[in-house]
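Below, each chain spelled out in residue letters.
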Amino acid sequence: MLEEFIAGEERTLVALCDGEHALALPLARDYKSLHDDGAGPNTGGMGAVCPAPVAGGPDAEQLCAAAIAPVLAKLQERGTPYCGFMYAGLMMKPGGGWAVLEYNCRLGDPEAQATLPLLDSSLAELLRAAAAGTLADMRPRWRDAAAVCVTLAAAGYPDAPRLGDEFALAPPPAGDGLLVFHAGTAPAQGRTDGFAVSGGRVLNVVGVAAQQAEARQKAYRHAAAIGLPGAQMRGDIGAES
């Protein structure tokens, strides 16, 4: 079977759904390839940025109306209304236009790590509204800021991640616009101040700042200071903006 080759830039559109209504989150962009400039094998995601608007293109709400609302309406028509996060992977074509690459019933990873820190409202209240079918009444607030997520992957990832490597990790300074999300980690044996690699993508380091360039600088500075043996890390997350 032959499939159409679609060139362009990927964007991730996620909406929270209550069975009838869909609430769009800001557009994000993830970086699938292991190495800079899209080189190397595909991975689960080596980093993400949010927001990632499309220059001169539709915004998140417009894309949600075109790509997610019809799916939600069809599911409701069939008697199987969907409540939860719906993910649409989009390819923004050169010169305009877009195509849907995939749908998922979840938040994106690592897009969520770059998106949710920008939410200035209560996530619990939004989830409660989704469960109650009252999302149409919600007006979430988003920070006027940018977030850049840099993934630290284990040596050998994605084919054969090297497990068991130990490293120390101090929490980032409070209020410094830095977050560290654990993924493939476990407590190190026989010590209370360290961790061991237990999966391919080990940590996600997120910088948040008024501008993407500053957020990127924060994330990379902190990621570089983590002594993860054999760590793999792209150096171009958010560099294009």
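Shown above is the structure to which this text applies.
Remember, it's a predicted structure, so these values are computed and weren't measured experimentally.

Q: Lay out the pattern of salt bridges in plain terms, naming residues and giving numbers.
A: With the rule as written, the count across this model stands at six salt bridges. With its nearest N and O atoms 2.7 Å apart, the salt bridge here joins Arg 162 to Asp 165. The class of Asp 165 is buried, set by a relative accessible area of 16%.

Q: Any chance you could break down the packing of helix H1 (residues 60-67) against helix H2 (residues 69-77) for me, citing the residues and the numbers?
A: Two elements in contact, H1 and H2, have axes whose closest approach is 4 Å; the angle formed by their N-to-C orientations is 35°. Where H1 approaches H2, its residues Cys 64, Ala 65, Ala 66 and Ala 67 are matched on the opposing element by Ala 69, Pro 70 and Val 71. Of the residues that constitute the contact of H1 with H2, the class distribution is seven nonpolar, no polar and no charged.

Q: I'd love a proper account of the sheet that holds strand E6 (residues 98-104), names of residues and values included.
A: The strands that make up a sheet are held in pairs by hydrogen bonds between backbone atoms, and each pair lies either parallel or antiparallel. Pairing in this open sheet of four strands is antiparallel, and the strands run E2-E1-E5-E6 from one edge to the other. In the strand order of this sheet, the two ends are held by strand E2 (22-24) and E6, each with one partner. Across this sheet, the average inter-strand angle for adjacent strands is 30°, counted without regard to direction. Packing of H1 onto the sheet brings it into contact with strand E1 (9-18), E2, strand E5 (83-92) and E6, and relative to E6 it is tilted by some 75°.

Q: So what's going on with the nonpolar core? Residues and values would help.
A: Ranked by internal contacts, the top residues of the largest apolar core, which has 23 residues, are Val 150, Phe 167, Val 202, Leu 203, Ile 226, Leu 228 and Ile 237. Contacts of Leu 228, omitting those with residues within four sequence positions, involve Leu 152, Ala 153, Phe 167, Val 197 and Val 202. With 17 residues, the next largest nonpolar core counts Leu 13, Ala 24, Cys 64 and Met 92 among its residues.

Q: I'd love a proper account of helix H4 (residues 123-132), names of residues and values included.
A: All buried positions along H4 are accounted for by Leu 126, Ala 129 and Ala 130. Considered in projection along H4, the buried side chains sweep an arc of 100° and stay on one side of the axis. Looking at H4, the residues exposed on the side facing more than 90 degrees away from the buried face are Arg 128, Ala 131 and Ala 132. Close packing links the buried residues of H4 with E1, E2 and E5. Put simply, Ser 122 is the residue that caps the front of H4, since its side-chain oxygen is 3.4 Å from the backbone nitrogen of Ala 124. Count one or two residues on from H4 and you reach Gly 133, which has phi positive near 75°.

Rules behind the numbers
- Residues numbered from 1 in each chain as written.
- Predicted model: local features only at pLDDT ≥ 70, side-chain atom pairs only at ≥ 80, totals over all residues.
- Heavy atoms only, no water.
- Salt bridge = Lys/Arg side-chain N within 4 Å of Asp/Glu carboxyl O.
- Buried < 20%, exposed > 50% of the residue type's maximum accessible area, 1.4 Å probe, protein only.
- Axes fitted to C-alpha atoms, helices over the stretch in contact; angles between N-to-C directions.
- Helix = DSSP H or I, 4+ residues; strand = E, 2+ residues; numbered from the N terminus.
- Contact = heavy atoms within 4.5 Å.
- Nonpolar A, V, L, I, M, F, W, Y, C, P; charged D, E, K, R; others polar.
- Pairing = 2+ DSSP bridges.
- Core = buried A, V, L, I, M, F, W, Y, C linked by side-chain atoms within 4.5 Å.
- Arc of directions from axis to C-beta.
- Polar contact = N/O pair within 3.5 Å; in protein donor to acceptor, adjacent residues only side chain to side chain.

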